[in-house]
Amino acid sequence: MGLRSEIVATEIDAPGNPARAAVVGELATHRLTLEIQGGTLRQSVLHEALDDALAYAEFVRAEVSTPLVSVTGSLTPVLAPDGRSLSFDLGTIVNDDLDPTTTETISFTYRSIVRNVVAARDALPAVTVSRFTAADRSDPVLAVSTPLRILEPRPDVAAAVRIAGEAAAGAVGDGVTYELSIAGGDGAPTAHEVAVSWPLPSSSAGSFVAAPTIAVADTAGVVTAAFFELVGSDRSGWILRTRAGSEFDVEGDAAKRITVTISGTVANTILPGNTTRTGATVTWTSLPGDPGTRAGDPTARERTGAGGIDDSRIVALADFRAADFGLQLDVVATSEATGGGRATIGEVVRQRIVSLVPEGEISTASARVRVELPPGLAFLDDGSAKVALVSNGRLSASRLPPAGGTHVAGGTAAGVVPTRGMPAPAILSDPGGFDDGGDVIFDFGVLANRDGDANDEFIVLEFNTLVTNGPGNTVQDALGTELVSRARVIVDGFPLLATSTDVVTVAEGTLGWLTSRTVAAGSDLAEAGPFSRGGRVGQRVEFAMAGGPTRTTLHDVRLIAELPAGATIVPGTLRVFAGEVAASVHDTSTADRLDLVIDALPPGGLISVRYDLDLAADLTPGSSLVIPLTVQGSSLPGAAGTQVNATGSTTPGVAGSGTGERDASGGVNSIRLDTTSTLLISALVPTEPEPPTEPEPPTEPEPPTEPEPPTEPEPP
């Protein structure tokens, strides 16, 4: 006793879809063969269960190999209500051929169809399971069919956008091509009735490609441009599609390729800086023609590209990138001579934006340049913002007046210094206003570049910012604080890719140290004291600036010493040693006050001061004289920095305020050092000197004595 189940044929036998393989909707022919030997089989039933990917289509025939075999039941199948199986109720089978060496057969031939369901996927096998039972057999006879391999067309589809000259992005007037390539999947079944629908990129202003045309190349020489049409207009946009009735087949051969090319020019409706993704939808069917539903099962039909389970479609994506704004943000001037990309507290920094404006209708409502300022910088809304539109006359912005120096003829921004003030209504702030770190927005309104020539067009914008006097702008180490500004373009509320940054490093003039020591009067030799009342003693005071790349010149440096009672400066003894800054030292000292001002002291600069003091004679013995000394300075010269400078602005706030220079007034205004010098007065009381003795009056000289007369010699 035996049972065989096999696929004997399929509807299509062609390259990519051979016999014993089938696409969705294709018919397959099955044969069940029951092998019987002599004898009787009562209550015989043959059951066939179909794969989920298959549906019963039709019964073809039943064949008995010899008249010696008889069947009392039916040779016609009964389909189950769900259509998923069929049964043959054969009744009693009698085989009168009792020769044990021979085998007789009963065969059944029927057709199934590959269903359009999830189970029917490319390269998956579909099998049936057969089962024979009879009252005269204790065990059923089972058989699994040879597999039916399900196949699907796999065309290779790709789309691309190409700008003339291989540019990365398209500008108005550039040549542009949209290319769609369709090739047969290598060794796959033929894709039938291939159709194309490709909406080319556009916006509410119109198509991004003007005056498009179609060209087709087919390696088989069958498909031509006449198979396609462009529907629409430059104003409404264009759609490439297959003409009705001109659908075509793509065989499963990778060497066969159809290329559809749409050529045109980039229209002035593009959205600068935007990348617009467009998709070419290619659909096909698994069978030629429209066979419809081929069995009682509604899924027994071909697969199309209609959607859902009918996913015989590919959407090939391609991106059109419109030329973006070019954007460059730089520092072009500062109010002080800090230099090196640095600025100090209270200094004005002039920044310059040069924006390359692509051609086209840029905005329908507003084109804006937003400058994101960091904490530590504040926009100066003092009328110093200037703007220029550089073009051959057809670059316009609705928020800017057409006259008054707004327009500058030319094709380069180099050397252009804007002179037209940016209108106040076109300068916007965040809700917090132009505070420390508040962004500033320059609104150009409806911006259009209709120049249409080979030259470039630019917006040149210059504006001033202030290095604020806040706790964040404090030099803590050798690296300093970096203030990073960022500019970006926003068109009709959408930020574009174009951005640019610049960096200003905060530099501070910082006092390094202050010392005072007592020396001998008129000398630099150290004196420890104590010092006598009524005596004279010297003082040596020194202070220096901190050095390093984040340090800068300190201004209006002032050394003050308030002398206590009993000590006065000896006139003519004050000496200042200041090296290269000696000429900027101003002495306003008095007898009881040391007061020196140095206009500017550079990093590492050293000041040495030497003077003598007279000590009063009536000082208390054993007392101490304490001399307090202070050195202080400010970050800018004068009250508000250099008044005439390259930025056109001055520091707006008073010294010590958040918008003024940094000074020694306290808190963050800490440009100050203090020290003291102490003189110990001797506890010894000097004795009064003895008055000089009166000289004795000179004695009168004795009168000279008369000489004695000579004696007479004695007589002999």
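Look above for the structure.
As a starting point, this report considers the structure included with it. Just so you know, these numbers come straight off a predicted model, no measurement behind them.

### Regarding the overall build of the protein chain
Here is step 1: A tally of regular secondary structure across the protein chain gives zero helices and 51 strands.
Here is step 2: Relative to its length of 716 residues, the protein chain is extended, with a C-alpha radius of gyration of 53 Å against a globular reference of 27 Å.
Here is step 3: Expressed along its principal axes, the backbone C-alpha trace of the protein chain runs to roughly 230 × 75 × 60 Å.
Here is step 4: The proportion of buried residues among the 716 residues of the protein chain is 47%.
Here is step 5: Residue pairs at least 24 apart in sequence account for 76% of intrachain contacts in the protein chain once pairs closer than 6 positions are excluded.
Here is step 6: Total accessible area computed for the protein chain in this model is approximately 32600 Å², and 54% of it derives from carbon and sulfur atoms.
Here is step 7: For the protein chain, the separation between the mean place of its 48 positive charges and that of its 89 negative charges on side chains is 14 Å.

### Side note on the side chain of Asp 502
Here is step 1: Tracing the backbone through its elements, the reader meets Asp 502 in strand β41 (residues 494-506).
Here is step 2: Nearest to the buried, unbridged Asp 502 among oppositely charged side chains is Arg 486, at 9.9 Å.
Here is step 3: For Asp 502, the residues in contact, after removing those within four places along its chain, are Leu 329, Asp 330, Val 331, Gln 351, Leu 483, Val 484 and Ser 485.

### Some thoughts on unusual backbone geometry
Here is step 1: Put simply, Gly 529 and Pro 530 share a cis peptide bond, and its omega is 0°.
Here is step 2: Along the chain, Pro 530 falls in the loop between β42 (511-519) and β43 (536-545).
Here is step 3: Even without being a glycine, Arg 20 presents a positive backbone phi close to 65°.
Here is step 4: With relative accessibility at 46%, the residue Arg 20 sits in the partly exposed group.
Here is step 5: The backbone phi angle of Glu 193 is positive, close to 50°, even though this residue is not glycine.
Here is step 6: By the element assignment, Glu 193 lies in strand β16 (residues 191-199).
Here is step 7: We classify Glu 193 as partly exposed; its relative accessible area is 27%.

Conventions and cut-offs
- Residues numbered from 1 in each chain as written.
- Predicted model: local features only at pLDDT ≥ 70, side-chain atom pairs only at ≥ 80, totals over all residues.
- Heavy atoms only, no water.
- Helix = DSSP H or I, 4+ residues; strand = E, 2+ residues; numbered from the N terminus.
- Rg over C-alpha atoms; globule rule 2.2 N^0.38 Å.
- Buried < 20%, exposed > 50% of the residue type's maximum accessible area, 1.4 Å probe, protein only.
- Contact = heavy atoms within 4.5 Å.
- Areas by Shrake-Rupley, 256 points an atom, 1.4 Å probe, with all protein chains shown as cover.
- Lys, Arg positive; Asp, Glu negative; His and termini not counted.
- Charge placed at Lys NZ, Arg CZ, Asp CG, Glu CD.
- Salt bridge = Lys/Arg side-chain N within 4 Å of Asp/Glu carboxyl O.

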